[in-house]
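# Per-entry structural report
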Amino acid sequence: MDQAGLLVVTAGVLLVLCGLFWRGRIRRPFAPSRAQAAQDRVYARELRRAADLAIAAARRQAAPDEPAIIRVDDVIRVMSTHFGRYPVPRALAAAALRERFEAGGCSTDCVTDAYD
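A brief report on the enclosed structure follows. (Residues numbered from 1 in each chain as written. Predicted model: local features only at pLDDT ≥ 70, side-chain atom pairs only at ≥ 80, totals over all residues. Heavy atoms only, no water.)

## Re helix α3 (residues 72-82)
Those residues of α3 not exposed but buried are V72, D74, V75, I76, V78 and M79. Considering only its buried residues, α3 is in contact with α2 (32-61), β1 (68-70) and α4 (90-103). (Buried < 20%, exposed > 50% of the residue type's maximum accessible area, 1.4 Å probe, protein only. Helix = DSSP H or I, 4+ residues; strand = E, 2+ residues; numbered from the N terminus. Contact = heavy atoms within 4.5 Å.)

Listed below in structure tokens is the structure:
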């Protein structure tokens, strides 16, 4: 009976240690370059989302017969207030705004300074 109990306790401890090892491995990549690449993907996704939010806000604020005016500064403001990212390089914000501007078909009812 004592050997069986010791075997069960040892197996339980090994399972807990394996669980801790695998859990830490999933959360933290081994290679710093992989971690940086993951952060870059998240940043780019947040930047595109901020451009979409700025476009939507400008469209809501525009009068029915006027074009929506979307500025790069609006994207930077959304990134800092909504996502907590500051400072945002103006060139990256302009590139994201251009991308979302073209993808959203905004050329018919919007005006932007992202091309300046």
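## Considering the side chain of T112
Looking at the secondary structure, you find T112 in strand β2 (residues 110-112). Overall, T112 belongs to the buried group, its relative accessible area being 17%. Here A114 takes part through its backbone nitrogen, which lies 3.2 Å from a polar atom of the side chain of T112. (Polar contact = N/O pair within 3.5 Å; in protein donor to acceptor, adjacent residues only side chain to side chain.)

## Side note on the environment of A58
Along the chain, A58 turns up in helix α2. A relative accessible area of 8% places A58 in the buried class. Along the sequence, A58 and I69 sit 11 residues apart, while their C-alpha atoms lie 6.1 Å from each other. Setting aside its immediate chain neighbours within four residues, A58 contacts A68, I69 and I70.

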